[in-house]
Amino acid sequence: MKYLIGIDVGTTGTKTLLFDQEKNIIKRSYYSYKLNSPKPGYAEQNPEEWYKAVINTVLECVEDISEKETVEAISISAQGGAMAAVDVTGKAVKPAVSWLDRRAKLEAEKLCKNKEENYYYKKTGWRLNDGYNLAQILWMKTHEQDKYNQTALFMSTLDYLNFRLTGRAVADYTSMGITNLENIHTWTWDKSIFRDLQINEEQLPHICQAGTAVGMLTEKAAKEMGLTEKTIVVNGGYDQYCAALGVGAIHKGDLMLSTGTAWVLMGITDELKFDEKSYISPCRHIVPGVFGTMASLETGGVSLDWLRNRIISGEKYTEEYDIINREIEKRRPGADGILFYPHFAGTTCPTWSKNNKASFLGITLFHDKYHIARAVMEGVVFEMYGILKAYENAGINIGKIKLVGGASRSRIWTQMIADITQMPVEVYGNADAAAIGAGIIAAIGAGWHKSYEEACTAFSQDITHVLPNKENAELYKNIYEKYKQGFMYLKEFYDKEA
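Parameters at a glance
Residues numbered from 1 in each chain as written. Predicted model: local features only at pLDDT ≥ 70, side-chain atom pairs only at ≥ 80, totals over all residues. Heavy atoms only, no water. Helix = DSSP H or I, 4+ residues; strand = E, 2+ residues; numbered from the N terminus. Rg over C-alpha atoms; globule rule 2.2 N^0.38 Å. Buried < 20%, exposed > 50% of the residue type's maximum accessible area, 1.4 Å probe, protein only. Core = buried A, V, L, I, M, F, W, Y, C linked by side-chain atoms within 4.5 Å. Contact = heavy atoms within 4.5 Å. Axes fitted to C-alpha atoms, helices over the stretch in contact; angles between N-to-C directions. Parallel < 35°, antiparallel > 145°, perpendicular 65-115°, else oblique. Left-handed = near helix turned anticlockwise from the far one by under 90°. Pairing = 2+ DSSP bridges. Phe/Tyr/Trp six-rings, centres within 6.5 Å; stacked < 30°, edge-to-face > 60°. Lys NZ or Arg CZ within 6 Å of the ring centre and 35° of its normal.

Colleague: Please clarify how the overall build of the chain should be interpreted in this entry.
Modeller: Regarding its fold elements, the chain presents 17 helices and 23 strands. On C-alpha atoms alone, the chain measures out to a radius of gyration of 23 Å, which is about the 23 Å that the 2.2 N^0.38 rule sets for 498 residues. Over its C-alpha atoms, taken along the principal directions, the chain stretches across nearly 65 × 55 × 50 Å. Scored against the burial criterion, the 498 residues of the chain give a buried share of 60%.

Written out as structure tokens, the structure is:
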């Protein structure tokens, strides 16, 4: 028997899956780590923890395999936007800076001065963000000159781990797009972007296609994870693209909807799609010949968590999600007039309003906590639907939604997604989409399959199909128009307050 390993290195933990030749998941392992905030606005991690998580989870997954050389390939799905700086020996000179870090706000503003509008978006596919690598490197140059001078390589999570496992700092196009350093028209590092940083290309990882071999495990890495130096490390990708691969979102018209703390949308196209109103983010897909267009609702799933944990539950009582779902089904679509806006951190795509806050409209003495819960669910879906409308305005036509994550476990929330969008929904019950995507990449790199389409079919999962209720179409259409109108009134109010 031969084996593959898919690893998903996330923001707060790493999940590893062991697959056999039949693409069955033989074993799972998980390792959590902290996101540290030593000062307001800071979000840091020790990159050594990423490596330790990979080592420990792989070691646990392969402990029962007697012939270690039968593990043919490993590939990694990794969080995007994080920045690790290492010296000539490969040792980190400082903690890695997370994509959630906001210390580089002034540096981001400085980088935008004397630049044409949307300069970075047009070049990199991403608006300049203070949490991404370009602004973080400038912050380091400005505030930590000694550490900046010690740095031999600036890396993201994927290339750092490839480097630790093989000795080669290699990343793929999807994970480098979010750095604000890669030109997505030439698919190379853009020297005109980082000229002012006084760094050179030798300080950045080599970029190559996901699915290509980075190299064999080093003697040290192989020994630590209980494998041999015969195991190939295959170049992986940005976790959202790996998740899209994991649910088979690889054809024009597919949409992956990943519903965790944040809700992330990935629309699949046959060309790069830009929109300077909504700032949807285009990039190459892991699959050659197609592209992904990404957007996110930062406080999607966390909105329901907030309601359940802070409002509905008490000190001695925690409301079960099963009860919430069951009671919500007894309330009518539209929550009898309540609208909820899940803007706990302002809004991103498509409205980009940093001042807005989470809000309810329309609550009366008639309403109970389950009306409010239904409004929360519907509000999150309305926000997601607004992103779909932005896709449509950019010429991206979506045919079906491939749903994974927390909302997939709620029948009523899934039905809301189908009813509000009036699109069929394919529900993937497995929450390991990104790690499965990494497994698919490993299979390609190991030569187990000739194409990603063939590999996605081989790694197929059980799917539940949910069709939209046509009777709710007109009702939700009218409510959505009210929702948009309410947003404009709220925006005016919060902008004046700010």
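Past the structure itself, the notes keep going.
Colleague: So what exactly am I meant to see when it comes to unusual backbone geometry here?
Modeller: Leave glycine aside and you will find that most residues have negative phi; peptide bonds, for their part, are mostly trans. For the bond running from Cys349 to Pro350, omega is 5 degrees, close enough to zero to count as cis. Relative to the helices and strands, Pro350 is located in the loop between β19 (339-341) and β20 (359-361). The phi dihedral of Tyr279 is positive, around 60 degrees, even though this residue is not glycine. By the secondary structure assignment, Tyr279 is in the loop between β16 (263-269) and β17 (281-284). Relative accessible area serves as the criterion here: at 11%, Tyr279 is assigned to the buried category. With a phi angle near 50 degrees, Asp336 is a residue other than glycine that sits in the positive phi range. With respect to the helices and strands, the residue Asp336 is situated in the loop between α12 (321-328) and β19.

Colleague: Teacher, can you tell me more about the nonpolar core here?
Modeller: Where a protein is soluble and globular, its nonpolar side chains tend to be buried together. With 75 residues, the main nonpolar core has Leu134, Phe154 and Leu245 as its most contacted residues. Broken down by element, this core gets its largest block of residues, nine residues, from helix α15 (residues 433-445). Residue contacts for Leu245: discarding those within four places in its chain leaves Ile250, His285, Ile286, Val287, Gly437, Ile440, Ile441, Tyr452 and Cys456. Residues Tyr121, Tyr341, Ile372 and Tyr494 belong to the second largest nonpolar core, which totals 57 residues.

Colleague: Even after reading the chapter, I still don't get the packing of helix α1 (residues 47-61) against helix α6 (residues 157-166), so can you show me in this structure?
Modeller: When two helices pack together, you describe them by how their axes are tilted relative to each other and by the distance separating the axes. At a closest axis distance of 10 Å, the pairing of α1 and α6 adopts a crossing angle of 60 degrees. With respect to α6, the axis of α1 lies oblique. As α1 packs across α6, the resulting crossing turns out to be right-handed. Residues Pro47, Glu48, Trp50, Tyr51 and Val54 of α1 lie in contact with α6, whose contacting residues are Thr157, Tyr160, Leu161, Arg164 and Leu165.

Colleague: Explain the sheet that holds strand β13 (residues 213-216) to me, please; I cannot follow it from the model alone.
Modeller: Either a parallel or an antiparallel arrangement is found when strands of a sheet pair, and the pairing is made through backbone hydrogen bonds. In spatial order, the strands read β3-β2-β1-β5-β14-β13; together these six strands make up an open sheet with mixed pairing. Every other strand in the sheet has two partners, leaving β3 (25-32) and β13 as the edge strands with one partner each. Taken pair by pair, the neighbouring strands of this sheet meet at an average axis angle of 20 degrees, ignoring direction. Pairing of strand β1 (residues 3-9) with strand β5 (residues 71-78), which is carried by seven bridges, proceeds in the parallel orientation. What sits directly across from Leu4, in β5, is Ala73. Against the sheet, α1 touches β1, β2 (13-20) and β3, its axis set at about 150 degrees to β3. Taken strand by strand, α15 contacts β1, β2, β5 and β14 (232-238), and its axis lies near 135 degrees from that of β1.

Colleague: Hey, could you run me through the packing of aromatic side chains in this one?
Modeller: In the structure shown here, the tally under the stated rule is 22 aromatic pairs. Plain terms: the ring middles of Trp50 and Tyr160 are 5.8 Å apart, the flat faces sit at 80 degrees to each other, and that makes the pair edge-to-face. Of this pair, Trp50 sits in helix α1 while Tyr160 is found in helix α6, placing the two residues 110 residues apart along the sequence. Considering the side-chain rings of Phe493 and Tyr494, the 5.2 Å spacing of their centres and the 75 degrees angle between planes classify their relative orientation as edge-to-face. The structure contains a cluster of three or more aromatic residues connected by ring pairs, namely Tyr341, Phe382, Tyr385, Tyr476, Tyr480 and Tyr483. The ring of Trp352 is capped by Arg127, whose NZ or CZ atom sits 4.6 Å from the centre of that ring. Lying across the ring of Tyr173, Arg284 places its NZ or CZ 4.0 Å from the centre.

Colleague: Before we go on, may I ask you to explain the sheet that holds β17 in this structure?
Modeller: Read across the sheet, seven strands follow the order β17-β18-β16-β15-β21-β22-β23 without closing on themselves; strand pairing throughout is mixed. Looking at strand neighbours, the two that pair on one side only are β17 and β23 (463-466), the edges of this open sheet. The sheet shows a mean angle of 25 degrees between the axes of neighbouring strands, taken without regard to direction. Where β16 meets strand β18 (residues 291-297), seven bridges bridge the pair, whose relative direction is antiparallel. Residue pairing in the sheet places Trp263 in a bridge with Leu297 of β18.

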